[in-house]
Amino acid sequence: MTGSTEHVALAPSASGSLKLIDGGSRLVVREVAAAAAGFTAVLSWTQVMGWLDASPAYSLASALGAGLLAATPRRILWAPAIAVAALGGVFLGEIAGLPPLPLAGALIGLGGAWLRSDERSRLDLVNGALAGVFAASLSALAFWQSWMDFGQHWLLEFALLGLVAATVLAPTLVQFQARSEVPTRRRAELTLEERHRAPVLRAIELYAQLKVARPDEETMLGLEEVVSWVYRLAQSVQTLTRELDNVDSQDLSDRIELLMMQAEESEDEFTQDRQLATAAHLEKLLQHAEQLSLEQKRCSSLQEYALAYLEEARMGLALARTLPGEATPGRLGEVLGKLRGHARDGDARRKTAREIQGLA
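Structural notes, computed from the coordinates. (Residues numbered from 1 in each chain as written. Predicted model: local features only at pLDDT ≥ 70, side-chain atom pairs only at ≥ 80, totals over all residues. Heavy atoms only, no water.)

1. Side note on the nonpolar core
If you look at soluble globular proteins, the nonpolar side chains tend to sit buried side by side.
In step 1: If you look at the biggest cluster of nonpolar residues, it comprises 35 residues, and the most contacted ones within it are Val200, Leu223, Val226, Leu310 and Leu339.
In step 2: If you list the elements that add at least two residues to this core, you get helix H10 (194-213), helix H11 (217-245), helix H13 (269-322) and helix H14 (332-359).
In step 3: The greatest single-element share of this core, amounting to twelve residues, is contributed by H11.
In step 4: For Leu339, the residues in contact, after removing those within four places along its chain, are Val226, Trp229, Leu233, Leu302 and Ala306.
In step 5: With 32 residues, the next largest nonpolar core counts Leu60, Leu115, Ala136 and Leu169 among its residues. (Core = buried A, V, L, I, M, F, W, Y, C linked by side-chain atoms within 4.5 Å. Buried < 20%, exposed > 50% of the residue type's maximum accessible area, 1.4 Å probe, protein only. Helix = DSSP H or I, 4+ residues; strand = E, 2+ residues; numbered from the N terminus. Contact = heavy atoms within 4.5 Å.)

Pasting the structure below:
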């Protein structure tokens, strides 16, 4: 596959919003309470042992790490690593002349994001580190500035500090829920030529009907992505069609045949060499055109597939409303898998082509 097929549809553009992790508010409350309890228990222990007054930074960092582990009991075997992050962060901060608790908080938050995040993306790690800095700094400020002065009731103060320290969990208690952007009729008319609009306008119409049926949230998100794919595939088909409109395959074939005949009849070696080279370039151009045509057919067929599913989904929801026991649209995961797979396959083909070209 050559670099000429760079116009294949990629993943639909998406917007979204933050939502609580799967498990909802109950899980969030339970994990925050666990973190606060772990923080309070360790900080109280340091108070009883007299370590808090002697080494407040180490005590607060240890308590913050304990709170993180208390909210993540399944990863308790990582306790030594979190302890190293907490105590080592304070130690390094003191040596380097940096604020010790924020540095320790950053390392603890980084470790927490690593332990609690499934994907462990760079953004997750950065957010975890920032949350750790915030939790450690705010806890220290509340402790040293005596925001909450309860006299002999220090246990209550520590519990409130624990709730503040629980903010170290914030990045792992919320998740970004992507929502595919459904095109409007106006956008389709502005960005697509008339010959490519019909499938998209039909998909938008079907989406409006599906929305009225009010399927569950997960199904609606999937259907929105299918509609978005219909639009993005239309863009790809349009781009590929424009490229193919600039190539006359029959004319190229005739020119190649004529050049080969002229080369055979030519007695001048220089002229013959140039004619053969020209024919080779035209043959390569013809191959590119064939590959573009194949990609256009793939995009068109996938677009028809997605549109047919939307038709089926609309009818399925209509049946679900009128006939008890009928299911809402099925096979949505299978459809989305094929649509996303097309983009992944296209990326792989282009990457392979670039590597081959680099070796040539």
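Okay, back to it.
2. Observations concerning helix H5 (residues 100-116)
In step 1: Its 17 residues give H5 an end-to-end C-alpha distance of 24 Å, which sits within 8% of 24 Å, the value for a rise of 1.5 Å per residue.
In step 2: Leu101, Ala104, Gly105, Ala106, Ile108, Gly109, Gly111, Gly112, Ala113, Leu115 and Arg116 are the residues of H5 that are buried. (Expected span 1.5 Å × (residues − 1).)

3. Considerations on the pattern of salt bridges
In step 1: What the rule picks out here adds up to nine salt bridges.
In step 2: Notably, a salt bridge pairs Arg195 with Glu193, separated by 2.8 Å at the nearest N-O pair.
In step 3: A relative accessible area of 24% places Glu193 in the partly exposed class.
In step 4: For Glu311, the salt bridge is made with Arg202, and the minimal N-O distance between the two is 2.9 Å. With Glu311 in helix H13 and Arg202 in helix H10, this pair connects stretches of sequence that are 109 residues apart.
In step 5: With relative accessibility at 27%, the residue Glu311 sits in the partly exposed group.
In step 6: For Arg202, a relative accessible area of 25% corresponds to the partly exposed category. (Salt bridge = Lys/Arg side-chain N within 4 Å of Asp/Glu carboxyl O.)

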